[in-house]
Amino acid sequence: MANYYQPEIETASPEQIRAWQDERLVAQVKHVWDNVPYYRAKMEEKGVTPDDIKSCADLHKLPFLTKDDLREAYPYGLMGKPLSECVRIQSTSGTTGKRVVAFYTQKDIDLWEDCCARAIMAVGGTKDDVCHVSYGYGLFTGGPGLNGGSHKVGCLTLPMSSGNTDRQLQFMCDLGSTIICCTPSYAEYLAESIEERGLKDQIKLKAGIFGAEAWSENMRHDIEEKLGIKAYDIYGLTEISGPGVSFECEDQTGMHINEDHFIAEIINPETGEVLPEGEKGELVFSCITKEAFPLLRYRTKDICVLTREKCSCGRTFVKMSKPMGRSDDMLIVKGVNVFPSQIEQVLLEQGYPANYQIVVDRVNHSDTLEVMVEMTPENFSDNLGQITEMEKSLVAALKAMLGIYAKVKLVAPKTIARSEGKAVRIIDKRKI
Ligand code: DLL
């Protein structure tokens, strides 16, 4: 049975949704023009003014924003409100130095939590549920977002954060958790631990809300079977708010985008051309209600398809497929964003050549990262002790750059296969 948080919005007619989007886009463009000089300059460069934007049909006239813009404008350059009106900062994992930092007013937090509340109710959540949140809390948006949504629904909220599996399982059994929110890889790990400890009879879980990383239909079936629950997908990104930009319903055939807050477009990542709904391309979002960090036409780099078909749940919001990959080369390892270019930078700084290979795998449901690096003829050594020391210092430099442990394996010069076309830098062995 369909269960909505804001039925009048979630099941509004497509015409009504479009009318909200038209009105809010026009107001948002004006807000950004008046308050975000960085974006105003981009508009001026493109020869667009707020007068040119009269409805969603004009959206394509606006300039794109990318992660590079966020880095360039770091930390305050894309803010739409003074700091004194902001109440929260969240940030993406991964890149050190200039991270992506997003700002929120109280209204922004409220709307974001509404989106998460919709996601929880879409999986059947009510005030009688015990919602166990095992996404990380802190700068990462996963914990805070779902925590807020769970409060709004009125669930009894367990703010577990990630890690400490024994404690997670104890609370789950003793306090009767009915909804679990975590990454799909952690759900697999929890499922395995429950099996090992023979606790399956003691858990009351009925649904899981899993996202923040890619996962397949196979993984869904596996988790559903092992935990005896329904497993639902949830998508989002820090720049646009966090989890809950889109969420799956009982139909389990894609994620409804909260279109009263975000306008989605699919573009050809090479040319920037807008593609018709139904075609595969890069997902682009415009935030039409956010105040403090009002990004317009933000390129997510996530590749997916949008479909607007009648959904059995009664929601009218457009649905996005699971992201099928990224148009850039960012890896997500243990939930941390890793760019091969960061690894390359460390190697070059430490006097190694750019002949390396990154091997990502998933062992016992946990990601592993290994970097194979060629020594140079100059620093080549066959003394094991010396090699171990060199590896240790690279491990430390990589940890400082990425924030996570990467195993380093030094190999003799010219042993990593050369390619005649593009170099193969990444070997991702994870079967997801
Ligand atoms: O991962 C927000 C989030 C938290 C979403 C909890 C869902 C649940 P970021 O750390 O900024 O934000 O990473 C955003 O993660 O551009 C996608 O590439 C990837 N991603 C997020 N959700 C999914 C998903 C959070 N359901 C980046 N499936 C995005 C596949 C996902 N990839």
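Owing to the predicted nature of the structure, the values given are computational and were not obtained by experimental measurement. (Residues numbered from 1 in each chain as written. Predicted model: local features only at pLDDT ≥ 70, side-chain atom pairs only at ≥ 80, totals over all residues. Heavy atoms only, no water.)

Any chance you could explain the nonpolar core here in plain terms?
If you look at soluble globular proteins, the nonpolar side chains tend to sit buried side by side. Ranked by size, the top nonpolar core spans 71 residues in total, and within it Leu62, Leu78, Leu283 and Phe285 carry the most contacts. By size, the runner-up hydrophobic cluster in this structure holds 27 residues, among which are Leu331, Leu369, Met401 and Val408. (Core = buried A, V, L, I, M, F, W, Y, C linked by side-chain atoms within 4.5 Å. Buried < 20%, exposed > 50% of the residue type's maximum accessible area, 1.4 Å probe, protein only.)

Looking at this structure, how should I read the environment of valine 123?
With respect to the helices and strands, valine 123 occurs in the loop between helix 5 (106-122) and strand 3 (130-133). For valine 123, a relative accessible area of 8% puts it in the buried group. Along the backbone, valine 123 and threonine 289 are 166 residues apart, and their C-alpha atoms lie at a distance of 25 Å. Sequence-distant contacts of valine 123, that is, excluding residues within four places in its chain, are made with Ile179, Ala207, Ile209, Tyr232 and Glu248. (Helix = DSSP H or I, 4+ residues; strand = E, 2+ residues; numbered from the N terminus. Contact = heavy atoms within 4.5 Å.)

Honestly, the domain arrangement of the protein in this entry has me stumped. Any pointers?
Frequently, the measure chosen for interface size is the accessible area removed from exposure when the parts meet. Domain parsing of the protein yields domain 1 (7-17 + 64-327) and domain 2 (332-428). Its C-alpha centre places domain 1 at a distance of 32 Å from the equivalent point of domain 2. Across the contact, 14 residues belong to domain 1 and 12 residues belong to domain 2. Summed over both sides, the interface between domain 1 and domain 2 buries roughly 1,100 Å², with carbon and sulfur atoms accounting for 48% of that surface. Applying the counting rule to domain 1 against domain 2 returns one salt bridge. (Domains from an automatic or database assignment. Buried area = accessible area lost by both parts, 1.4 Å probe. Salt bridge = Lys/Arg side-chain N within 4 Å of Asp/Glu carboxyl O.)

How should I be thinking about the site of the ligand in this particular structure?
Taken together, 21 residues are adjacent to the ligand, and Asp233, Ile234, Thr238, Asp302 and Arg326 come closest. A distance of 2.7 Å separates a nitrogen atom of the ligand from a polar atom in the backbone of isoleucine 234. One of the side-chain N or O atoms of aspartate 302 is found 2.7 Å from an oxygen atom in the ligand. The fraction of the free accessible surface of the ligand (620 Å²) that becomes covered by protein chains is 96%. (Near = heavy atom within 4 Å. Polar contact = N/O pair within 3.5 Å; in protein donor to acceptor, adjacent residues only side chain to side chain. Areas by Shrake-Rupley, 256 points an atom, 1.4 Å probe, with all protein chains shown as cover.)

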